Amino acid sequence: MSETEVRVRFAPSPTGSLHIGGARTAYFNWLFARQNNGKLVLRIDDTDAARSTETSAAQILEGLAWLGLDYDEGPEVGGPYGPYRQSERYDLYRRHLQSLVQTDLAYPCFCTQEELAFDRKKAQDEGRAYRYSGRCAHFTPAEIKKKLESGLTPVYRLRVMGKIGDVTVHDEIHGKVTFSSAEIDDFIIWKADDHPTYHFASCVDDMEMNITHIIRAEEHLSNTPRHVVLFRAMGYEPPRFAHVPMILSPDRSKLSKRHGATSVQEFRDDGFLPEALLNGILLLGFSPGNDQEVISREEALKVFDLKRVSHHSAMYDLKKMEWLNAFYLKMTPVDELLDRIWNSLIGQYVDSDRMTRERLAWVLDLLRAHQERSRNLVDLVESLHYYFMPVDDYDANGAKKHFHEAAAERLLMAAHAISEVEPFIAPRIERMYRDLISKMRIKGGELIHPTRLAISGITVGPSLFEQMQLIGREACIERMHRAAGWIKDQAGKQD
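Residues numbered from 1 in each chain as written. Predicted model: local features only at pLDDT ≥ 70, side-chain atom pairs only at ≥ 80, totals over all residues. Heavy atoms only, no water.

(A) Representation of the packing of aromatic side chains. Scanning all chains against the criterion turns up 17 aromatic pairs. Relative to Tyr236, the ring of Phe231 has its centre 5.7 Å away and its plane inclined at 45°; by these criteria the two rings are tilted. The exposure classification of Phe231 matches that of Tyr236, with both residues buried. Site record: aromatic cluster; members linked through ring pairs are Phe28, Phe286 and Phe304. (Phe/Tyr/Trp six-rings, centres within 6.5 Å; stacked < 30°, edge-to-face > 60°. Buried < 20%, exposed > 50% of the residue type's maximum accessible area, 1.4 Å probe, protein only.)

(B) Expanded view of the side chain of His402. Take His402: it is sitting in helix H16 (residues 396-402). With residues up to four places along the chain from it excluded, the contact list for His402 reads Ala407, His449 and Pro450. (Helix = DSSP H or I, 4+ residues; strand = E, 2+ residues; numbered from the N terminus. Contact = heavy atoms within 4.5 Å.)

(C) Looking closely at the nonpolar core. Grouped together as the largest cluster of nonpolar side chains are 63 residues, with contacts concentrated most on Ile418, Tyr433, Met468 and Met480. In contact with Ile418, other than residues within four places in its own chain, are Phe424, Met432, Tyr433, Met468, Arg473, Cys476, Ile477 and Met480. Phe32, Leu69, Val264 and Phe272 belong to the second-largest nonpolar core, a separate cluster that totals 45 residues. (Core = buried A, V, L, I, M, F, W, Y, C linked by side-chain atoms within 4.5 Å.)

(D) Spotlight on helix H17 (residues 405-418). Under the 1.5 Å per step criterion, the end-to-end length of H17 is 20 Å for 14 residues, consistent within 8% with the ideal 20 Å. Buried within H17 are the following residues: Ala407, Ala408, Arg410, Leu411, Ala414, Ala415, Ala417 and Ile418. Where H17 is buried, its residues contact H16, helix H18 (426-440), helix H19 (445-456), helix H20 (464-471) and helix H21 (473-494). (Expected span 1.5 Å × (residues − 1).)

(E) Examining the packing of H18 against H19 more closely. Put simply, H18 and H19 touch, their axes get as near as 9 Å, and they point 130° apart. It follows from the interaxial angle that H18 and H19 lie oblique. In this structure, H18 uses Tyr433, Arg434, Leu436 and Ile437 to contact H19, whose residues at the interface are Leu447, Ile448 and Thr451. Counted by class, the contact of H18 with H19 contains 5 nonpolar, 1 polar and 1 charged residues. (Axes fitted to C-alpha atoms, helices over the stretch in contact; angles between N-to-C directions. Parallel < 35°, antiparallel > 145°, perpendicular 65-115°, else oblique. Nonpolar A, V, L, I, M, F, W, Y, C, P; charged D, E, K, R; others polar.)

(F) Structural view of the pairing of strand S5 (residues 167-171). What you see with S5 is a clean split: Val167, Val169 and Asp171 sit on the buried side and Thr168 and His170 on the side with no burial. As paired strands, S5 and strand S6 (residues 175-179) are joined by 5 bridges and run antiparallel to one another. Paired with Thr168 across the two strands is Thr178, which belongs to S6. Between S5 and S6, which pair antiparallel one after the other, the connecting turn spans 3 residues. (Pairing = 2+ DSSP bridges.)

(G) Region of the structure containing the state of the cysteines. Per the stated rule, a full pass over the model turns up 0 disulfides. Not engaged in a disulfide, the cysteine Cys109 finds its nearest cysteine sulfur in Cys111; these two sulfurs lie 3.7 Å apart. Unpaired in terms of disulfides, Cys136 finds its nearest cysteine sulfur in Cys111, a separation of 3.5 Å. On the basis of relative accessible area, Cys136 is assigned to the buried category, the value being 4%. (Disulfide = S-S within 2.5 Å.)

(H) Up close: the environment of His174. Examined against the element boundaries, His174 turns out to sit in the loop between S5 and S6. In sequence terms His174 and His449 are 275 residues apart; their C-alpha atoms lie 58 Å from each other. His174 has contacts with Glu218, Leu221, His243 and His311, leaving out every residue within four places of it along the chain. A distance of 3.0 Å separates a polar atom in the side chain of His174 from the backbone oxygen of His243. (Polar contact = N/O pair within 3.5 Å; in protein donor to acceptor, adjacent residues only side chain to side chain.)

(I) Highlighting the pattern of salt bridges. Tallying each qualifying case throughout the model produces 30 salt bridges. The salt bridge partner of Glu172 is Lys307, with a shortest N-O separation of 3.2 Å. With Glu172 in the loop between S5 and S6 and Lys307 in the loop between helix H10 (297-303) and strand S11 (314-315), this pair connects stretches of sequence that are 135 residues apart. For Lys307, a relative accessible area of 61% gives the class exposed. One network of salt bridges, in which partners are shared, links Arg9, Arg43, Asp45, Arg89, Asp205 and Asp206. (Salt bridge = Lys/Arg side-chain N within 4 Å of Asp/Glu carboxyl O.)

(J) Structural detail: unusual backbone geometry. Here the amide bond leading from Gly82 into Pro83 is cis, since omega sits at 0°, within 30 degrees of zero. Along the chain, Pro83 falls in the loop between helix H2 (54-67) and helix H3 (90-102). Omega for the peptide link from Glu422 to Pro423 comes to -15°, which places this bond in the cis form. Following the sequence through the fold, Pro423 ends up in the loop between H17 and H18. The residue Glu76 is not glycine, and still its phi comes out positive at about 70°.

In structure tokens, the structure reads:
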């Protein structure tokens, strides 16, 4: 690493929500900057005015904030190289265009769409790749002036053909990559609608913002020779490049919504923890070695290395993401979990004005009982519903299996017995149940399963006796009587 301060950038286009591929790129840039005591710049590349929206830009900022990926310069933060939205930098791009035109490194092109289509068809018929013909490359200043005065609106092309050799890029991930000069024509840097192309605006900004390393998606590798040529035309030594692998679905097709959540917002809505998602996207193309899968951000700062990023496509594995999330959920302190689901609890179950200290302690006990069994925060919140809401429905398969006439009588006997359990805590409840099961001369499940279904409406959950303690004596008795009545009603209908 040179003594020059490391400066990297994450430059999303605000044309949609923050995709996990973009989040991974942001994370890799964040890790590299923090490892090298450098700066991470967030730049919003919104030159595509037709598709860029402020809503998308806001979602990107919110996604980065939720993941905890802070940046040193950018929108809402500022910095010495602002503004950090490309739509606010057009005067700068025009100045660089004028400089290239004045030094004859760029020129106006007046070719019509028909002429270009003819050239493409001819190349296709001749079995060769299309390259711009250079039709407008040799107009004299007088000819250019005449065309402009006639009202023609040109695009502007960088003068490349015949002036460069092969372009070699020393990529930090892919190694030495050479592009033939035959693949690079006089490409457009300024469009007829008076907007810079993505390539031109991006290179101008990387140069003006003193970016030293460009870590971006592999799909941009094919753009890199053009960018190298552009940097050199503007008198700037190109940054060092690192192109991270594509993320593909398990069937190696392009990742899409049919493969599950693909955006940060979707993962957040699905109840993922940000630290779990960061861990998951780190593993998409990077391996710390030793088959390690759980890697905190602090650990990632120690082991991350661009040279250990795979140059092969990464396979998206939603099941691994879900496993990681369940793991992090189990490891999260319950008071922190409460903070994360508080708004959901208030919205569904709890009146914040009535949240006494005792009731708050009870809610924390609920979380302790259920976090082991929950895959995500949504699951966790949903698993608590029967503590707050009356049970008025029963799992159909469970009812078919466990709710029969004998079960109704057993529930009534158990309800009477628990009225005398003192104190009403799990060990005492369990002891009473074991004694009652013995007296009834039945298998344990013949009383335990109907009881669980009666008090919760479902067949799964933490220890039954812990459930009963948390639900409370009176609610358990009421629910068991109700379930017994429901069983008898169903039996009567069948008769």
